[in-house]
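Understanding the architecture of this molecule
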Amino acid sequence: MRLELIGSFRLTDQDGKEIPISGRYGPALIAILATSQRQTRSRDVLRAMLWPRSPDAQSAASLRTLLNAVRKELGPFAGHLVSDRRSVQLSGVTRTDKADGQHEFFEDAPRLGEAFEDWLSIQRSQARPDPNAIAMASETSSRFRSRICVAIYPADVTTDDPHAKHIASRIISQMRQHLCLLDMTDVLDLSILDESHNATPTVLGQRTPDVALLVSLSKVGHFAEIGIRAFEPRTKQVLWSATISADQSTTFLFSSGQLDEFVNQAVDSLNVACLRLIEAGKIGAPGAPNSIFGAVHKVLGMSVKGQSAARQFFRGKAEFENSAIATAWYAFSLANTLGEGGNRQHIMDEADSYCRRAIELDPSNALALALVAHVQSFVLRRLEVGAELARTARQIAPTLAITWDMSAMNALYRGQIDEAAQFSAKAVALGRFSPYKPLFESSQAIAASLGGNHHTAIRIAGQVLDRIPHFLAVERHLCGSLAAAGQLDQSRRLIRKIRDRDPNFTADLLDDPHYPLPSPQSVDLIRRGFSSVGHIL
């Protein structure tokens with residue numbers, strides 16, 4: 001479908017034939033979704049924007065009625081408007097309008113209340129032509145056009161048990177939400193288009209999927225099995241597959257915990273497979289960080305040059321695509337530069353600005369909230385603000401490993417070592433298949449150091465540094481654990497290595513409140529380490 005929003009609302013098919021959307025609310029719904037991040041909005045936000053004065057039950061019923069009506073009017077494109085209990089998503093729509101300086105954005109928009117008017121005002125402001133911005137956006141968009149497309153196929157259910165389809169739908173819904181939350185791929189949900197798992201994937205715009213996911217579920221007697229397979233649609237090559245099974249003599253039901261962990265494993269393994277395909281030059285944009293995969297890898301690689309390259313990418317997405325995730329990752333990357341030069345106050349001010357912007361763009365995005373929580377705590381030292389943001393992120397996405405990891409770091413800053421250890425263990429358990437597992441293990445290593453479990457800290461820190469050799473936070477605490485464990489020569493060598501990047505890593509400067517250490521416990525641990533190897537100071 002093609003959508004024009006500069007001037008009057010106009011929706012057409014690929015041949016230019018108009019798809020009439022009647023009433024006041026239908027065009028408003030499509031416009032809101034089409035301009036939203038990942039073309040997705042929560043049901044709560046849509047109800048607040050479209051029916052601000054209606055009671056919850058009434059607005060919920062109105063939204064259900066509207067979705068059914070719009071799907072009927074979309075006709076053959078009805079499958080592109082999908083929804084679950086929490087959110088509504090529009091796919092397969094390309095914006096074809098261009099700012100001309102003569103027409104406003106959505107000139108025939110209805111008047112639906114203050115929230116809708118605020119959204120409309122922002123969109124109209126952004127739509128006004130700025131020659132410099134347009135030129136920069138054109139250059140930037142060429143770097144972003146090669147996003148990986150993941151298709152979710154209809155589930156292959158080979159049982160007539162009434163619970164089976166529900167469980168398969170839940171798994172698909174969780175995978176879609178998880179992938180959309182990470183914002184690393186374009187997600188094409190084909191599961192609603194065909195009951196057959198042999199459905200041929202349609203084209204999203206002019207693109208075919210790079211990777212496909214297929215959920216299979218079977219039950220024979222009391223034995224039930226669920227499988228998830230990732231493969232390349234063009235070649236049918238399997239990239240990853242796994243199954244879980246149960247022998248149940250009564251009801252056909254896997255526990256919520258089993259399903260949550262299985263979905264996490266599938267999404268994380270898919271991300272690993274995509275990274276390998278990118279590195280092999282098979283899919284995505286060549287040369288990281290020309291993709292969000294590459295940019296996130298640069299950020300979590302913890303090198304100075306990598307951080308700078310990733311921020312260039314994320315700044316573009318934040319400014320030209322209004323991406324809450326990119327904005328939050330940008331702020332997170334700024335946090336990683338503390339202690340490595342640059343104007344500290346400028347870094348803090350910029351980080352604060354991007355944190356505010358990320359929350360404004362999507363206050364219900366758990367990943368953005370988790371990243372912002374870390375920046376609020378580590379950079380701006382607003383520990384209680386960070387704790388509340390991290391708590392909210394965990395509540396919204398309790399199976400997302402990074403929400404627990406950022407909670408662990410906040411607990412470290414507040415001196416709550418036992419709580420940090422619990423949170424970090426949860427993050428490692430949830431993210432044990434994640435390509436970013438070393439990030440979660442770093443919190444675990446630091447918590448172990450501060451908790452006095454030095455041999456455990458040394459072991460885990462070694463695993464982290466094997467994968468991320470420039471992780472200063474881990475190295476600083478490892479110095480203290482090595483000294484406490486009597487490994488003085490190793491501690492001395494590591495101190496010298498750290499000082500090559502951070503000349504301020506000395507006993508005299510540890511008490512500086514601006515020095516990037518999590519807490520007084522960290523200062524005490526490292527000071528005792530310096531004391532043990534004092535002749536090199």
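Residues numbered from 1 in each chain as written. Predicted model: local features only at pLDDT ≥ 70, side-chain atom pairs only at ≥ 80, totals over all residues. Heavy atoms only, no water.

Scanning the protein for helices and strands turns up 20 helices and 12 strands. Counting every position in the protein, which comprises 537 residues, the buried fraction comes to 54%. For the protein, the computed accessible surface area is about 23,900 Å², with 49% contributed by carbon and sulfur atoms. (Helix = DSSP H or I, 4+ residues; strand = E, 2+ residues; numbered from the N terminus. Buried < 20%, exposed > 50% of the residue type's maximum accessible area, 1.4 Å probe, protein only. Areas by Shrake-Rupley, 256 points an atom, 1.4 Å probe, with all protein chains shown as cover.)

Pairing analysis gives 9 bridges linking strand S10 (residues 211-220) to strand S11 (residues 223-231), with the strands arranged antiparallel. Pairing of serine 216 across the sheet is with glycine 227, part of S11. Alignment of S11 against strand S12 (residues 238-247), held across 9 bridges, turns out to be antiparallel. Counted as the bridge partner of arginine 229 is serine 241 from S12. (Pairing = 2+ DSSP bridges.)

Another point: the environment of leucine 46. Along the chain, leucine 46 turns up in helix H2 (residues 43-50). Take leucine 46: its relative accessible area is 0%, and that puts it in the buried class. Leucine 46 sits 13 residues away from leucine 33 along the chain, and the two C-alpha atoms are 9.1 Å apart.

This part is about the confidence of the model for the protein. Atom-level detail of predicted coordinates should not be read off regions where pLDDT is low. Residues with a pLDDT of 70 or more make up 86% of the protein, whose mean pLDDT is 81. Counting contacts from residues 130-145, a segment whose pLDDT is below 50, to residues more than four positions away or on other chains yields 14 contacts. (pLDDT = per-residue confidence, 0-100. Contact = heavy atoms within 4.5 Å.)

Moving on, we come to the environment of tyrosine 354. You can see tyrosine 354 is positioned in helix H11 (residues 344-361). Tyrosine 354 sits in the buried class, given a relative accessible area of 11%. Between the C-alpha atoms of tyrosine 354 and tyrosine 330, which are 24 residues apart in sequence, the distance is 7.3 Å.

Glancing now at the packing of aromatic side chains. If you walk through the whole model with that rule in mind, you get 10 aromatic pairs. Centroid distance tyrosine 25 to tryptophan 51: 5.1 Å. Interplanar angle 20 degrees. Geometry classified as stacked. Highlighted residues: tyrosine 25 in helix H1 (residues 25-34) and tryptophan 51 in the loop between H2 and helix H3 (56-74), separated in sequence by 26 residues. On the accessibility criterion, tryptophan 51 (11% relative accessible area) is buried. The ring of tyrosine 413 has arginine 381 sitting right over it, with the charged end atom 5.6 Å from the ring centre. (Phe/Tyr/Trp six-rings, centres within 6.5 Å; stacked < 30°, edge-to-face > 60°. Lys NZ or Arg CZ within 6 Å of the ring centre and 35° of its normal.)

Attention now moves to the sheet that holds strand S6 (residues 94-95). Strand order in the open sheet formed by 3 strands is S2-S1-S6, and the pairing between neighbours is mixed. Here the strands that pair on one side only, and so sit at the sheet edges, are strand S2 (10-12) and S6.

Counting 127 residues, the largest nonpolar core has Met175, Phe314 and Trp329 as the members making the most contacts within it. In contact with phenylalanine 314, other than residues within four places in its own chain, are Ile292, Ala295, Val296, Val299, Ala326, Trp329 and Tyr330. Residues Phe9, Leu66, Leu74 and Phe106 belong to the second largest nonpolar core, which totals 36 residues. (Core = buried A, V, L, I, M, F, W, Y, C linked by side-chain atoms within 4.5 Å.)

Bringing the packing of helix H14 (residues 401-413) against helix H15 (residues 417-430) into the picture now. Remark: H14 packs on H15, axes separated minimally by 8 Å, with the N-to-C direction vectors making an angle of 160 degrees. Accordingly, the angle class assigned to the pair H14 and H15 is roughly antiparallel. For the crossing formed where H14 meets H15, the hand is left-handed. Only Ile417, Glu419, Ala420, Phe423, Ser424, Lys426, Ala427 and Leu430 of H15 make contact with H14, whose side of the interface consists of Ala401, Trp404, Asp405, Ser407, Ala408, Ala411 and Leu412. Broken down by class, the residue content of the contact of H14 with H15 amounts to 10 nonpolar, 2 polar and 3 charged. (Axes fitted to C-alpha atoms, helices over the stretch in contact; angles between N-to-C directions. Parallel < 35°, antiparallel > 145°, perpendicular 65-115°, else oblique. Left-handed = near helix turned anticlockwise from the far one by under 90°. Nonpolar A, V, L, I, M, F, W, Y, C, P; charged D, E, K, R; others polar.)

All told, the structure shown has 17 salt bridges when counted by the stated rule. Between glutamate 475 and lysine 497 there is a salt bridge, and its shortest N-O distance comes to 2.9 Å. Placement of glutamate 475 in helix H18 (residues 472-484) and of lysine 497 in helix H19 (residues 488-501) is noted, with a sequence separation of 22 residues between them. Ionic pairing is found between arginine 492 and aspartate 489, a salt bridge with its closest N-O pair at 2.7 Å. Of this pair, arginine 492 and aspartate 489 both sit in helix H19, 3 residues apart, which is roughly one turn of that helix. Aspartate 489 gets classed as partly exposed once you look at its relative accessible area, which sits at 47%. One salt-bridge network, held together by shared partners, links Asp352, Arg356 and Arg382. (Salt bridge = Lys/Arg side-chain N within 4 Å of Asp/Glu carboxyl O.)

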